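So the chains spell out like this:
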2 protein chains.
Amino acid sequence: MDMSRTRSTRQRLVVIGGDAAGMSAASQARRLRGPEELEIVAFERGHFTSYSACGIPYWVGGDVAGRDELIARTPEEHRARGIDLRLRTEVTAIDPAGRRVRARDLGSGTESWTSYDHLVIATGARPVRPDLPGADAPGVHGVQTLDDGQALLDTLTRTRGRRAVVVGAGYIGVEMAEALIHRGYEVTVLNRGGAPMSTLDPDMGRLVRDAMSGMGITMVDDAEVTKVLTGDDGRVRAVATQDAEYPADVVVLGIGVRPDTALARAAGLPLGDNGGLLTDLAMRVRGHEDIWAGGDCVEVLDLVSGRERHIPLGTHANKHGQVIGTNIGGGYATFPGVVGTAVSKVCDLEIARTGLREKDARRAGLQYVAVTIESTSRAGYYPGASPMTVKMLAERRTGRLLGVQIVGREGAGKRVDIAAVALTAGLTVEQVAHLDLGYAPPFSPVWDPVQVAARKAVAAVREAP
Amino acid sequence: MDMSRTRSTRQRLVVIGGDAAGMSAASQARRLRGPEELEIVAFERGHFTSYSACGIPYWVGGDVAGRDELIARTPEEHRARGIDLRLRTEVTAIDPAGRRVRARDLGSGTESWTSYDHLVIATGARPVRPDLPGADAPGVHGVQTLDDGQALLDTLTRTRGRRAVVVGAGYIGVEMAEALIHRGYEVTVLNRGGAPMSTLDPDMGRLVRDAMSGMGITMVDDAEVTKVLTGDDGRVRAVATQDAEYPADVVVLGIGVRPDTALARAAGLPLGDNGGLLTDLAMRVRGHEDIWAGGDCVEVLDLVSGRERHIPLGTHANKHGQVIGTNIGGGYATFPGVVGTAVSKVCDLEIARTGLREKDARRAGLQYVAVTIESTSRAGYYPGASPMTVKMLAERRTGRLLGVQIVGREGAGKRVDIAAVALTAGLTVEQVAHLDLGYAPPFSPVWDPVQVAARKAVAAVREAP
């Protein structure tokens, strides 16, 4: 069956992917153009729409009562707004020349072509699965989709194990470590690098490792996973590295995600070095007037380094969708780029970063000074003041702020926003030291920790040759 | 005794006022120039140096164990660094033409002149005392200095009363309300205006009133205090307004402070509309090469309105001192101005503002749109997510951010820093909506509340004529 394009002036928007970017785009386009002007068809492979994938660790950990709380808008709500949503329907091909996509109903197995006037590709990301013996064994889980989360929860409920191994020590890995602790597991985190949180410099990552070790999480650095071992029942029983075996009733893969761009690649659409779709600032796929892309399947411009990066984060996906929907709806919007802000939490440890790490700065051809300071989240004498470490990079000679990393406790993480705005505005560390930030003893020392770092960076820039 | 100026190349710095601005200036100057180059004499009227006046409410409330915790650096520590500190010594005259100050030892009553090469005026602010019958009665307290705080604590300990009246509902008033609640008092806050926190627009101030009422604090608006009533023992027993009498075992004056510039005025130094000293950007008193001023006795440039304002805050005082000391020490530094950021806490209520209120914008000749939104401190599904209200002002046509006000619970207050940096950088509300801010469910909804407000402001700017 070929649903051929209507001949009237009514246009058809086809959306591939029913999560944040895709459905934000659909909703915003609908807000600007009614059903008489714009037909909207959205294909989603899974069972759910518009959910918070970032919330999965908290659902698994029991902080969030149920799956439905993570769903911002249900399929029914989208349909009530005039979006023709097809769940359990996988797009299997994009035909840019013919302006159509082929989709398969996963229930019936039937395939058909649907033509479009505007196409939005929001296919998201897929967790990296190590190409290892046993990696697909029952009990080994990714946590990228609600379906993944449900499968993991089913395993946890059914097996009632007590030992968990998390492979990977990035955001997903550390958040899942907390979730599994909350469920009473003994948790081991296997980390390929020399320190966890490779989105931080190693010196800051080591602070994270020490704090997590202090919480009773077994942290193993330089761990190259060689094999997932299974028992007689075929289920996972341990994870082997080059050095040791770690018994496991459940294994969570947190070794990152890659843009899910197989469809786009097959269609000849432009991909970047990180495998994500390349778009212009209006989120239009480069060289394609009628194809847009957003969310975890695209690369975004890093405003500090001037390079394209892949940063899968719900907050960007929502903004992309908003921009795409506005443009398709006849408005005008752009997504100017990112500075690389991220914040995460493991028990009461808060971890944040924005801008460039040392190796990013070197790769971008920037020379820099780096300083690290200790301060507190509140005035030192105020109850609950907790220590925090701030690392700051500034460009040599110009003193321009290049990046900030923070490891601390309550009240530490969101301070990274000060630096995120300053990076966007291109402020120097001296300007950061002068900022008029909110001060009162329950909120900050008289010099905010970010400004303590900035003052030290000012001195370092001055002393650098 | 006239301590005449030394004839050598060694210079003398005289500092009037031993708190944040004065002693930061002295310390920074000492760091850059040793005792052989620069003699430093500091006069302080009270018993203490370098203390956190902002911490007094928490000391009175019992959150901070003792007075000494509020002292960042003791007189002995300053003396050990080669600063000739004279406590209980009040400067009674400045003679700019003769480059000397007259000081009186409050113990012996003797007066003498001291000459200077550089003079730093850091005389701070004085609480406004209403010119009312009974306003000086025992049991009526200001809370500007450690000596004030000690006197109030002595009263609280001695009288063991149960009813407290706070006159004034600005930062000091609301913080003292919390302190008195912590000490078991029934607290009534008498507020002259139509809503507390006149540093906010009235619509946001009313949210504060409602929240404080909900905490059991009696909030009285439009209360003009006419008289402080005393008992047979001469001590305060009630506060009378035009409408009613409020029984009081203790009264705290929180009706604001004024720059303490009587000395400067007598010496003919330039004062602004708010009674504060006027300086250039290097914190030098205008028209006087060798006189500097900082802290609560100066006016500062508001970068958003382009006007001078009086903003007594420890964080500014410390920066002023740093700048002054650097310049006297032979370096170069400026204090570029403020955007008017302030944050405060009453029990678990957080109150923040930056930039212009509606009336400030009008006064500055700016036309604006104002929007208000409700959001949450964390992802709605994450435990502990609490509601917050954000009001945002943007300039008509240009969309430039003009101001933000926030009333919420834990995690609300310091979000104002996002806007503080954006104001400093002159960002538009559309740029604010695009910012790459730290997002994870324990820290923020997928659109930070400040960005939810920014999106609404973008729409309002677009729709405004």
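Residues numbered from 1 in each chain as written. Chains lettered and ligands numbered in written order. Predicted model: local features only at pLDDT ≥ 70, side-chain atom pairs only at ≥ 80, totals over all residues. Heavy atoms only, no water.

A. Layout of the interface of chain B and chain A. With 57 residues of chain B at the interface, the matching set in chain A holds 57 residues. The largest share of the area that chain B buries against chain A comes from B:Tyr381, B:Asp436 and B:Phe443, three residues that together contribute 16% of it. Summed over the shared surface of chain B and chain A, the result is 2 salt bridges. Across the salt bridge formed by A:Lys414 and B:Asp448, the nearest N and O atoms sit 2.7 Å from each other. If you look at where chain B meets chain A, you find 26 residue pairs in polar contact (both at pLDDT 80 or more). Sorting elements by how many residues they give to the side of chain B that touches chain A places helix 10 (residues 416–425) of chain B first, with 7 residues. Broken down by class, the residue content of the side of chain B that touches chain A amounts to 28 nonpolar, 17 polar and 12 charged. (Contact = heavy atoms within 4.5 Å. Buried area = accessible area lost by both parts, 1.4 Å probe. Salt bridge = Lys/Arg side-chain N within 4 Å of Asp/Glu carboxyl O. Polar contact = N/O pair within 3.5 Å; in protein donor to acceptor, adjacent residues only side chain to side chain. Helix = DSSP H or I, 4+ residues; strand = E, 2+ residues; numbered from the N terminus. Nonpolar A, V, L, I, M, F, W, Y, C, P; charged D, E, K, R; others polar.)

B. Region of the structure containing the UniProt feature "domain: Pyridine nucleotide-disulphide oxidoreductase dimerisation" (unreviewed entry) in chain A. Mapped onto the present numbering, the UniProt feature "domain: Pyridine nucleotide-disulphide oxidoreductase dimerisation" (unreviewed entry) falls on residues 344–445 of chain A. Structurally, residues 344–445 of chain A comprises 22% helix and 35% strand, and the distance from its first C-alpha atom to its last is 23 Å. (UniProt positions renumbered as here; feature names shortened; annotations may be inferred.)

C. Highlighting the UniProt feature "domain: FAD/NAD(P)-binding" (unreviewed entry) in chain A. UniProt's feature table lists "domain: FAD/NAD(P)-binding" (unreviewed entry) at residues 12–310 of chain A, given in the numbering used throughout. Helix makes up 23% of residues 12–310 of chain A and strand 28%, and the two end C-alpha atoms of the span are 29 Å apart.

D. Looking closely at helix 12 (residues 449–463) of chain B. Here helix 12 of chain B contains 15 residues, and its C-alpha end-to-end distance of 21 Å stays within 8% of the 21 Å for a straight helix at 1.5 Å per residue. Considered for burial, the residues of helix 12 of chain B that qualify are B:Pro449, B:Val450, B:Gln451, B:Ala453, B:Ala454, B:Ala457, B:Val458, B:Ala460 and B:Val461. Lining the buried residues of helix 12 of chain B we find helix 8 (314–328) of chain A together with strand 24 (368–376), strand 25 (387–395), strand 26 (401–408), helix 10 and helix 11 (429–434) of chain B. For helix 12 of chain B, the N-terminal cap is B:Asp448; the gap from its side-chain oxygen to the backbone nitrogen of B:Val450 is 3.0 Å. (Expected span 1.5 Å × (residues − 1). Buried < 20%, exposed > 50% of the residue type's maximum accessible area, 1.4 Å probe, protein only.)

E. Looking closely at the side chain of B:Ser375. Mapping B:Ser375 onto the fold places it in strand 24. With near-sequence residues (within four places) excluded, B:Ser375 lies in contact with B:Ser386, B:Pro387, B:Met388, B:Pro445, B:Pro449 and B:Val452.

F. Region of interest: the domain arrangement of chain A. All names here are of chain A. Once the domains are mapped, chain A shows domain 1 (2–125 + 258–328), domain 2 (129–255) and domain 3 (349–463). Facing 13 residues of domain 2, the contacting portion of domain 3 comprises 15 residues. Of the roughly 1,100 Å² buried at the junction of domain 2 and domain 3 (both faces included), carbon and sulfur atoms supply 65%. If you sort the residues of domain 2 by the area they bury against domain 3, Leu200, Asp201 and Met204 come out on top, with a joint share of 43%. (Domains from an automatic or database assignment.)

G. The sheet that holds strand 11 (residues 163–167) of chain A, seen in detail. Across the sheet, which stays open at both edges, the 5 strands sit in the order 10-17-11-12-13 (chain A) with parallel pairing between neighbours. The sheet is open, and its two borders are formed by strand 10 (140–141) and strand 13 (218–220) of chain A, each paired with just one other strand. (Pairing = 2+ DSSP bridges.)

H. Structural detail: the environment of B:Tyr171. Residues and elements named next belong to chain B. Relative to the elements of secondary structure, Tyr171 occurs in helix 5 (residues 171–182). Among the residues examined, Tyr171 registers a relative accessible area of 18% and is labelled buried. When the C-alpha positions of Tyr171 and Trp447 are compared, they lie 29 Å apart, and in sequence the two are 276 residues distant. Here Tyr171 is in contact with Met197, Thr199, Ala342, Val343, Ser344 and Arg353, once residues within four sequence places are set aside.

I. The arrangement of the relation of the copies chain B and chain A in detail. With an RMSD of 0.0 Å, the operation that places chain B on chain A is a rotation of 180° combined with a shift of 0.0 Å along the axis. The operation mapping one copy onto its partner corresponds to a two-fold rotation axis. Interface residue correspondence from chain B to chain A reaches 100%, placing this contact among same-surface, isologous pairings. (Least-squares fit on C-alpha atoms with pLDDT ≥ 70 in both.)

J. Quick peek at the packing of aromatic side chains. The final tally for this structure, using the stated rule, is 2 aromatic pairs over all chains. Between A:Tyr58 and B:Tyr382, the aromatic rings sit 5.0 Å apart at their centres with planes inclined by 85°, giving edge-to-face as the arrangement. One end of the pair, A:Tyr58, is in helix 2 (residues 56–60); the other, B:Tyr382, is in the loop between strand 24 and strand 25, on a second chain. A:Tyr58 sits in the buried class, given a relative accessible area of 3%. Here B:Lys319 stacks its cationic end above the ring of A:Trp447, 5.3 Å away from the centre of that ring. (Phe/Tyr/Trp six-rings, centres within 6.5 Å; stacked < 30°, edge-to-face > 60°. Lys NZ or Arg CZ within 6 Å of the ring centre and 35° of its normal.)

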